[in-house]
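Now for the letters of each chain:
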Amino acid sequence: QVQLVESGGGLVQAGGSLRLSCAASGRTFSNYDMGWFRQAPGKEREFVAAISWTGISTYYTDSVKGRFTISRDNAKNTVYLQMNSLKPEDTAVYYCAAKYNRGPYYLAASYDYWGQGTQVSVSS
């Protein structure tokens, strides 16, 4: 089992920044690829970003490329999502997730463990 706890969400004006953190406990964090997903009201959960277990490879959905940066610190069992130039359409609950298998990084079904989510609200 891996337990994931997100933090860092909040209310910010458009153009502002937030840094989300996801602290992991349980099994060896460094064995897992990590991802961030988000879900806006009335919409399906969507992929935002992912990082390989080594930290070498990162992936982003097109709408956040150049604005968001995913990183991890395996010594602290934590993955981060730095979000800059935020837009109202970024408003959603953000979830971190851990993946051990070889499934596609952009599919929610590939992930084995999920956090409870943290709300990000961007005002115009």
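Let us look at the structure shown here. (Residues numbered from 1 in each chain as written. Predicted model: local features only at pLDDT ≥ 70, side-chain atom pairs only at ≥ 80, totals over all residues. Heavy atoms only, no water.)

Some thoughts on the sheet that holds strand β1 (residues 2–7)
(1) Moving on: Here four strands make up an open sheet; going across it, the order is β1-β3-β8-β7 and the pairing antiparallel. Strand pairing shows two members of the sheet lacking a second neighbour, β1 and β7 (68–73), which therefore form its edges. With direction set aside, neighbouring strand axes in the sheet form an average angle of 15 degrees. (Pairing = 2+ DSSP bridges. Helix = DSSP H or I, 4+ residues; strand = E, 2+ residues; numbered from the N terminus. Axes fitted to C-alpha atoms, helices over the stretch in contact; angles between N-to-C directions.)

Observations regarding the state of the cysteines
(1) Moving on: Summed over all chains, the structure comprises one disulfide.
(2) Moving on: Sulfur-sulfur distance for the disulfide between C22 and C96 comes to 1.9 Å. With the S-S dihedral at roughly 40 degrees, the linkage between C22 and C96 falls on the right-handed side. Taken together, the positions of C22 in strand β3 (residues 18–26) and C96 in strand β9 (residues 92–99) put the pair 74 residues apart, joining distant regions of the chain. Here C22 matches C96 in class, with each residue buried. (Disulfide = S-S within 2.5 Å. Buried < 20%, exposed > 50% of the residue type's maximum accessible area, 1.4 Å probe, protein only.)

Quick word on the packing of aromatic side chains
(1) Moving on: Counting across every chain of the model gives 10 aromatic pairs.
(2) Moving on: On the basis of an interplanar angle of 75 degrees and a centroid distance of 5.7 Å, the ring pair of F37 and F47 is categorised as edge-to-face. Of this pair, F37 sits in strand β4 (residues 33–39) while F47 sits in strand β5 (residues 46–51), placing them 10 residues apart in sequence. The pair F37 / F47 is uniform in exposure class, with both members buried.
(3) Moving on: The structure contains a cluster of three or more aromatic residues connected by ring pairs, namely F37, F47, Y59, Y95, Y105, Y106, Y111 and W114.
(4) Moving on: Of note, R45 hangs over the ring of Y95, and the distance from its end group to the ring centre comes to 3.8 Å. (Phe/Tyr/Trp six-rings, centres within 6.5 Å; stacked < 30°, edge-to-face > 60°. Lys NZ or Arg CZ within 6 Å of the ring centre and 35° of its normal.)

Observations concerning the pairing of β3
(1) Moving on: Bridge analysis of β1 against β3 gives six bridges, and the strand direction is antiparallel. Of the residues in β3, the one forming a bridge with E6 is C22.
(2) Moving on: When β3 meets strand β8 (residues 78–83), the two strands line up antiparallel, connected through six bridges. The partner of R19 across the bridge, within β8, is Q82.

A few points about the pattern of salt bridges
(1) Moving on: If you walk through the whole model with that rule in mind, you get five salt bridges.
(2) Moving on: The closest approach of N and O atoms between D33 and K99, which form a salt bridge, is 3.0 Å. With a gap of 66 residues between them, D33 in strand β4 and K99 in strand β9 connect regions that are remote in the sequence.
(3) Moving on: By relative accessible area, which is 18% here, D33 ends up buried.
(4) Moving on: Judged by its relative accessible area of 4%, K99 is buried.
(5) Moving on: A salt bridge links E46 to R38, with the shortest nitrogen-to-oxygen separation between them at 2.6 Å.
(6) Moving on: If you follow the salt bridges from partner to partner, you end up with R38, E46, R67 and D90 in one network. (Salt bridge = Lys/Arg side-chain N within 4 Å of Asp/Glu carboxyl O.)

By themselves these figures say nothing about function.
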